[in-house]
Amino acid sequence: MLDERKLTVLRAIVDEFVTSHEPVGSKAIAQKHALGVSPATIRNDMAALEDEGYIAAPHTSAGRIPTDKGYRLFVDKLSAIKPLSSAERTAISQFLDQAVDLDDVMLRTTKLLAQLTKQVAVVQYPSLQLSRIRHVELVALPHAKIMVVVIADTGRVEQRIAELSAEISSDDLDHLRHQINSTVASSLFTDVPTLLAEFPSSLSAELHAPAVAIVACLLETLVVRPEERIVVSGTAHLARLGSDYSGSVAPLLEALEENVVLLRLLGEIETGDDLQVRIGHENHVDGLGAASVVSAGYGTTDHSIARLGVVGPTHMNYQNSMAAVTAVARYVGRIVTEA
């Protein structure tokens, strides 16, 4: 366990490297940080930090840079996340409150996160698996087809086309709509298969076939896992990394094109709005050993329905990124759960 002085030296090294992207020497720390000790003492502390794997020398210069282990200790020792200013919080609220629908909320959220952190922002659509059905709408189309529109309590909308064997009257369609909503409205999507298992059999013979087709559309919404939808913004920030990024940008760009990889980076949806910071090789994704991910769940206080976060180099400003992700997740959670 490091003593407080060595932790202070480590914090100074992280702060300096995040700002300058240059290896940090004892002289720079002594000049810019009032540690109350001599450069020689700082050099000894840096040597100890290097021996324990918290910092490393990228080349033969006197400067040192934090390792993944050093960043991890730095993040774990943050006593509190510095809150955003009142002006920043007001700007977030006003910007997100202007959204007209869920798609707009998702787009605005990624743009906002990317702007606040200067990193790549990633937002997962609310999971239907963790949402409730607000309403099921049935819309008659030509050629004996029905559009089945499912509206979740988060404002998310999914639609499928059911093909019937024959045209259906408007009265029968109204009856089906009423019966389906009476059966599944306010229920979790995961409960829908059980709730509708016997639904077609409970209807008259002439409505059995169209009910089977419509129920199949509803179940398909769950089977295809539409919650695996991701919105990304801020990839242009990768262009400014250049030689400051110790890894190759190509694997990171490739990962940003794969929803499955992005979902792995964001982490599993867990209870609450847990903030997670995965540093370097903690990501367990090939080619992203020089990247870090700061993510959080959004939803209600004790029930996350999706995750959002930022992806960037390991030398990102963790305090700023953690504060922005936490604040935006809180606002997005309020918007989608009160939709």
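Residues numbered from 1 in each chain as written. Predicted model: local features only at pLDDT ≥ 70, side-chain atom pairs only at ≥ 80, totals over all residues. Heavy atoms only, no water.

Comments concerning the overall build of the chain
Note the following rule: Strands here mean DSSP runs of E at least two residues long; helices mean DSSP runs of H or I at least four residues long; both are numbered from the N terminus. Here the globule rule is a power law, 2.2 Å times the number of residues to the power 0.38, and the radius of gyration is based on C-alpha atoms. Working rule for contacts: check all heavy atoms of both residues, and any pair within 4.5 Å makes them a contact. To measure how exposed things are, a 1.4 Å probe is used in the Shrake-Rupley method; for residues, cover is taken only from the protein chains shown.
Within the chain, the secondary structure is distributed over 12 helices and 10 strands. Here the C-alpha radius of gyration of the chain, 26 Å, is well above what a compact globule of 339 residues would show, namely 20 Å. If one aligns the C-alpha atoms of the chain with their principal axes, the spans along those axes are about 90 × 40 × 35 Å. Intrachain contacts of the chain at a sequence separation of at least 6 include 62% that bridge at least 24 residues. Just so you have it, the chain exposes about 16000 Å², and 51% of that area is on carbon and sulfur atoms.

Observations regarding helix α11 (residues 259-266)
Three or four residues apart is the spacing at which side chains of an α-helix point the same way, because the helix has 3.6 residues per turn. Applicable threshold: Buried residues are those whose accessible area, probed at 1.4 Å on protein chains only, stays under 20% of the maximum for their type, while exposed residues exceed 50% and partly exposed ones sit between those limits.
Taken as a whole, α11 has its buried residues at V261, L262, L263, L265 and L266. Summarising the contacts, the buried residues of α11 are in contact with β3 (120-124), β7 (230-233), α10 (249-255), β8 (275-279), β9 (291-300) and β10 (303-313). After α11 finishes, the residue G267 shows a positive phi value of roughly 95°.

Here we look at the packing of aromatic side chains
Applied cut-off: Aromatic rings from Phe, Tyr and Trp, taking only the six-membered ring of Trp, are treated as a pair when their centres fall within 6.5 Å; an angle between ring planes under 30 degrees marks them as stacked, one over 60 as edge-to-face, and anything in between as tilted.
For the structure on display, the rule yields 1 aromatic pair. Arranged with centres 5.5 Å apart and planes meeting at 50°, the rings of Y71 and Y318 form a pair that is tilted. In this pair, Y71 sits in helix α4 (residues 68-76) while Y318 sits in helix α12 (residues 318-337), placing the two residues 247 residues apart along the sequence. For Y71, a relative accessible area of 1% translates into the label buried.

Description of the packing of helix α5 (residues 86-97) against α12
This is how it is decided: An axis is simply a line fitted to the C-alpha atoms; with a helix, the fit covers only the stretch in contact. Between two such axes, the angle follows the N-to-C directions and lies from 0 to 180 degrees. We call a crossing left-handed when the near helix sits turned anticlockwise from the far one by less than a right angle, and right-handed when that turn is clockwise.
Running from amino to carboxyl end, α5 crosses α12 at an angle of 35°, the nearest separation of the two axes being 10 Å. For the pair α5 and α12, the crossing hand works out as right-handed. Here R89, I92, S93, L96 and D97 of α5 lie close against α12, whose contacting residues are A327, V328, Y331, V332, R334 and I335.

Some thoughts on the nonpolar core
Using the following cut-off: The term nonpolar core refers to a set of buried residues drawn from Ala, Val, Leu, Ile, Met, Phe, Trp, Tyr and Cys, joined through side-chain atoms within 4.5 Å.
Counting 56 residues, the largest nonpolar core has M106, Y298, L308, Y318 and V332 as its most contacted members. Of all the elements, α12 adds the most residues to this core, at 12 residues. Ranked by size, the runner-up nonpolar core spans 28 residues in total, among them L128, V136, V148 and V150.

Description of the pairing of β3
We count it as follows: What makes two strands pair is DSSP finding at least two bridges between them.
Across the 5 residues of β3, 5 count as buried, placing the element largely inside the fold. Note: β3 against β7, 4 bridges, orientation antiparallel. Within β7, the residue paired with V122 across the bridge is V232.

Some words on the side chain of K6
Tracing the chain through its elements places K6 in helix α1 (residues 4-20). Accessibility expressed as a relative area gives 16% for K6, which makes it buried. When sequence neighbours within four positions are dropped, the list of residues in contact with K6 reads D45, A48 and L49.

Examining α12
The test is simple: Each helix should span, by expectation, one fewer than its residue count multiplied by 1.5 Å. Within 3.5 Å is the distance limit for a polar contact, defined as a pair of N or O atoms, with the added protein rule that one can donate a hydrogen and the other accept it, and that residues adjacent in sequence qualify only through two side-chain atoms.
With 20 residues, α12 ought to run about 28 Å at 1.5 Å a step, and its terminal C-alpha atoms sit 28 Å apart, in line with that. Put simply, N317 is the residue that caps the front of α12, since its side-chain oxygen is 3.3 Å from the backbone nitrogen of Q319.

Considerations on the environment of A152
With respect to the helices and strands, the residue A152 is situated in strand β5 (residues 145-152). In this structure, the C-alpha to C-alpha distance between A152 and A327, residues 175 residues apart in sequence, is 24 Å. For A152, the contacting residues outside a window of four places in its chain are L128, S131, R132, R134 and F189.

Regarding the confidence of the model for the chain
Filter applied, for reference: Per-residue confidence from the prediction method is given by pLDDT, with values spanning 0 to 100.
Within the chain, residue pLDDT values average 85, and 91% of them lie at 70 or more. Looking over the chain, one finds the lowest element-wise mean pLDDT in α10, namely 73, and the highest in helix α7 (residues 170-184), namely 94.

Things to note about the sheet that holds strand β4 (residues 133-141)
Within a sheet, each strand pairs with its neighbour through backbone hydrogen bonds, oriented either parallel or antiparallel. Across the sheet, which stays open at both edges, the 3 strands sit in the order β4-β5-β6 with antiparallel pairing between neighbours. Strands at the two margins of the open sheet, each flanked by one partner only, are β4 and β6 (157-163). On average, each strand axis in the sheet is inclined to that of its neighbour by 20°, with strand direction left out of account. Relative to β6, β5 runs antiparallel, the two sharing 7 bridges. In the strand pairing of β6, M147 is matched with I161.

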